[in-house]
Amino acid sequence: EVQLLESGGGLVQPGGSLRLSCAASGFTFSSYAMSWVRQAPGKGLEWVSASSGSGGSTYYADSVKGRFTISRDNSKNTLFLQMTSLRADDTAVYYCAKQAGITIFGVADYWGQGTLVTVSS
Amino acid sequence: EIVITQSPATLSVSPGERATLSCRASQSINSNLAWYHQKPGQAPSLLIYGASTRATGIPARFSGSGSGTEFTLTISSLQSEDFTVYYCQQYHNWPLTFGGGTRVGIK
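Nothing here was measured: the structure is a model prediction, and the numbers come from that model.

Each value, and the rule that gives it
Residues numbered from 1 in each chain as written. Chains lettered and ligands numbered in written order. Predicted model: local features only at pLDDT ≥ 70, side-chain atom pairs only at ≥ 80, totals over all residues. Heavy atoms only, no water. Helix = DSSP H or I, 4+ residues; strand = E, 2+ residues; numbered from the N terminus. Pairing = 2+ DSSP bridges. Axes fitted to C-alpha atoms, helices over the stretch in contact; angles between N-to-C directions. Contact = heavy atoms within 4.5 Å. Buried area = accessible area lost by both parts, 1.4 Å probe. Salt bridge = Lys/Arg side-chain N within 4 Å of Asp/Glu carboxyl O. Polar contact = N/O pair within 3.5 Å; in protein donor to acceptor, adjacent residues only side chain to side chain. Nonpolar A, V, L, I, M, F, W, Y, C, P; charged D, E, K, R; others polar.

Focus: unusual backbone geometry
For step 1, the next point in the chain: Geometrically, the link from Ser7(B) to Pro8(B) is a cis peptide bond, its omega value of -10° lying close to zero.
For step 2, the next point in the chain: Its location among the elements puts Pro8(B) in the loop between strand S1 (4-7) and strand S2 (10-13).
For step 3, the next point in the chain: With an omega dihedral of 5°, the bond running from Trp94(B) to Pro95(B) counts as a cis peptide bond.
For step 4, the next point in the chain: In this structure, Ser85(A) takes a positive phi of about 45° despite not being glycine.
For step 5, the next point in the chain: Within the secondary structure, Ser85(A) is located in the loop between strand S8 (78-83) and strand S9 (92-99).

Observations regarding the sheet that holds S8(A)
Residue and element names in this part refer to chain A.
For step 1, the next point in the chain: As summarised here, the arrangement of the 4 strands in space is S1-S3-S8-S7, forming an open sheet in which the pairing is antiparallel. Sheet topology places strand S1 (3-7) and strand S7 (68-73) at the edges, where each strand pairs with a single neighbour. Sheet twist, expressed as the average angle between the axes of neighbouring strands with direction ignored, equals 15°.

Topic: the interface of chain B and chain A
For step 1, the next point in the chain: Contacts between the two partners involve 16 residues from chain B, matched on the other side by 23 residues from chain A.
For step 2, the next point in the chain: Summed over the three residues of chain B that lose the most area to chain A, namely Trp94(B), Leu96(B) and Phe98(B), the buried surface amounts to 43% of that side.
For step 3, the next point in the chain: Between the two partners, chain B and chain A, sit 0 salt bridges.
For step 4, the next point in the chain: Linking chain B with chain A are 6 residue pairs in polar contact (both at pLDDT 80 or more), by the criterion used here.
For step 5, the next point in the chain: Elements with a contribution of two residues or more to the side of chain B that touches chain A: strand S4 (33-38), strand S5 (45-49) and strand S9 (85-90) of chain B.
For step 6, the next point in the chain: In terms of residue count, S4(B) provides more of the side of chain B that touches chain A than any other element does, 3 residues in total.
For step 7, the next point in the chain: When its residues are assigned to classes, the side of chain B that touches chain A shows 11 nonpolar, 5 polar and no charged.

Side note on the sheet that holds S1(B)
The pairing of strands in a sheet happens through backbone hydrogen bonds and is either parallel or antiparallel.
Residues and elements named next belong to chain B.
For step 1, the next point in the chain: Strand order in this open sheet of 4 strands is S1-S3-S8-S7, and the pairing throughout is antiparallel. Of all strands in the sheet, those with a lone pairing partner are S1 and strand S7 (62-67), marking the two edges. In this sheet, adjacent strand axes meet at a mean angle of 15° when their direction is disregarded.
For step 2, the next point in the chain: As paired strands, S7 and strand S8 (residues 70-75) are joined by 6 bridges and run antiparallel to one another. Within the sheet, the bridge partner assigned to serine 67 lies in S8 and is glutamate 70.

And the structure:
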C-alpha cells in the first residue's frame, strides 16, 4: 500500500524558513517523480515543485523559484522541500504527491494528507 | 503557462441525475489531462487520466472525454459521495496547472 506522510509544517514568521519532509513507502521510491502541491485556505490547487525519480531534474513554480528547493534521498525514501524567505501568501496546506511515472510530466496518483504551513507575525 | 479554465464554477444537481463538467486549455495539450475530486478536509484523489482513462477503483459512472483544448467530465448518476469539488489538471508542459475547480452541490 502506497503511503505518503508529510511533516515539518507549522507557524513561521515572514522571512523565515521551514523544511518539509515526506516519508514514502509501499513503492520503489526512486522509480517515480515526486511533487509538492499546495492549497491556500479556501482556494484551489497550485503545483509548487517537482523532482524526477533520480532527482536530477527539478522544477519550480515562478511563485517560489529562488526561495524553495526540492530534494530527495532515495536511500531513505524521503522527499524534502526547503522553504526560505517565506511570505504570507505561502500560507497553505502542502501536499506531497507521487507521480505515475519517472518524469514529472504525469498525474499525481497518490497524495499525502498534507501539512499546514502558516506564515504570520 | 497553460491556463486551465473550468466551468461552471458551481453546479447544482439532484441525486441520480447527470452532471457535466467542462475544462478548457489555453493551448493544445493533446490528451494530457487529468481529473481529480477533493472531499472536505481530504487530499485530492485521481479520477481520470489521459483525458478518458479511469484510475484504479473509479466507478464506471465517471467518464472523461476530449482532446486538444476542450475536455469534459461526466458523472452519469450522481451519488451522495459525488457532491464535492472537481479539478482538472494538465501535464503537457511545466508548470503543471490546475483549473479553478467546479463545486458540485445538491439541488
